[in-house]
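Each chain is listed here by its residues.
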Amino acid sequence: NVIMFGAGLGDCWLAKRCKTLTVVERNPEWLAKASEYAAINGAVVNYILRECNDSSGMADFYCEIPSHTKYDVIINDDAYRTELCQVAVDYFKENGGGTLICDNWVQSYVWLSPKAEEIMQPYESVIFEQPGHTENDGVNKWKTAAFFIK
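Residues numbered from 1 in each chain as written. Predicted model: local features only at pLDDT ≥ 70, side-chain atom pairs only at ≥ 80, totals over all residues. Heavy atoms only, no water.

Enquirer: Can you break down the sheet that holds strand 3 (residues 46-49) residue by residue, with the values?
Expert: The strands making up a sheet associate through backbone hydrogen bonding, with each pair oriented either parallel or antiparallel. Across the sheet, which stays open at both edges, the seven strands sit in the order 3-2-1-4-5-7-6 with mixed pairing between neighbours. The open sheet has two edge strands, strand 3 and strand 6 (124-129), and neither has a second partner. Neighbour-to-neighbour, the strand axes of the sheet open up by a mean angle of 15 degrees, direction not taken into account. With four bridges connecting them, strand 1 (residues 2-5) and strand 2 (residues 21-25) associate as parallel partners. Counterpart to Phe5 in the pairing with strand 2 is Val24. Helix 2 (residues 28-40) contacts strand 2 and strand 3 of the sheet and is inclined by roughly 170 degrees relative to strand 3. (Pairing = 2+ DSSP bridges. Helix = DSSP H or I, 4+ residues; strand = E, 2+ residues; numbered from the N terminus. Axes fitted to C-alpha atoms, helices over the stretch in contact; angles between N-to-C directions. Contact = heavy atoms within 4.5 Å.)

And the structure:
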């Protein structure tokens, strides 16, 4: 069971590869586009709209993990990324462990957060640098990180 924060056109691909996919999105237009694309491609995705912006002080609202399903994987790819790292750590410690996937991990122009690095430092991780992306400062390149929380 996977919960992802941040809808996208890859939702349908992911939904076909996991038991359940729940996606939390803050932008109603983007949610409509992603859900339409998933429906056209025959993917079953449970979308949750939580309207807010990423600087409105609504991290608790946006990052809340629904209690109706036990999630094995949390994907962090939208607003309140640093706060979601802490939410995921707390959630997995209370629920027997799991994997947190953070897109754009320590990536210039997207997400540089010493606090997130501090939160995730104790956990085993695998970081995948994505070659070919030029939208970076040459140092903090495009990366996706997977953290294994027990």
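Enquirer: Now, about the pattern of salt bridges: what can you tell me, with residues and values included?
Expert: Applying the stated criterion to the full structure yields four salt bridges. The residue Glu118 makes a salt bridge to Lys115 at a minimum N-O spacing of 3.9 Å. On the criterion of helical spacing, the pair formed by Glu118 and Lys115 is a turn pair, its members being three residues apart in helix 5 (residues 114-120). In this structure Lys115 comes out as partly exposed when scored by relative accessible area, which is 47%. (Salt bridge = Lys/Arg side-chain N within 4 Å of Asp/Glu carboxyl O. Buried < 20%, exposed > 50% of the residue type's maximum accessible area, 1.4 Å probe, protein only.)

Enquirer: Quick rundown of a nonpolar patch on the surface? Include the residues and the values.
Expert: Together, Leu9, Trp30 and Tyr37 give the surface a local cluster of nonpolar side chains, amounting to about 260 Å² of exposed area. Here Leu9 is to be found in the loop between strand 1 and helix 1 (11-15). (Patch = residues over 30% accessible without salt bridge, like charges linked within 9 Å, V, L, I, M, F, W, Y side chains within 5 Å. Areas by Shrake-Rupley, 256 points an atom, 1.4 Å probe, with all protein chains shown as cover.)

Enquirer: Please give an account of the pairing of strand 7 (residues 143-149) that cites residues and values.
Expert: Among the seven residues that make up strand 7, six are buried, leaving the element largely enclosed by the rest of the structure. Inspection of the sheet shows strand 6 paired to strand 7 by six bridges, in the antiparallel sense. Following the sheet pairing, Glu124 is matched in strand 7 by Phe148.

Enquirer: Which residues make up helix 2, and what values go with them?
Expert: Relative to the 18 Å expected for 13 residues at 1.5 Å per residue, helix 2 spans 18 Å between its end C-alpha atoms, a close match to the ideal helical length. Within helix 2, the full set of buried residues consists of Leu31, Ala34 and Ala38. One side of helix 2 holds all its buried residues, which, seen down the axis, span an arc of 70 degrees. Away from its buried face, by an angle of more than 90 degrees, helix 2 presents the exposed residues Glu29, Glu36, Ala39 and Ile40. (Expected span 1.5 Å × (residues − 1). Arc of directions from axis to C-beta.)

Enquirer: Could you give me a rundown of the pairing of strand 3, with the residues and numbers involved?
Expert: Bridge count between strand 2 and strand 3: four bridges; the pairing is parallel. From the neighbouring strand, Val23 faces strand 3, where its bridge partner is Tyr47.

Enquirer: Account for the side chain of Arg81, with residues named and values stated.
Expert: Within the fold, Arg81 resides in helix 4 (residues 81-94). Take Arg81: its relative accessible area is 12%, and that puts it in the buried class. In contact with Arg81, not counting residues within four places along its chain, are Asn76, Asp103, Asn104, Val110 and Trp111.

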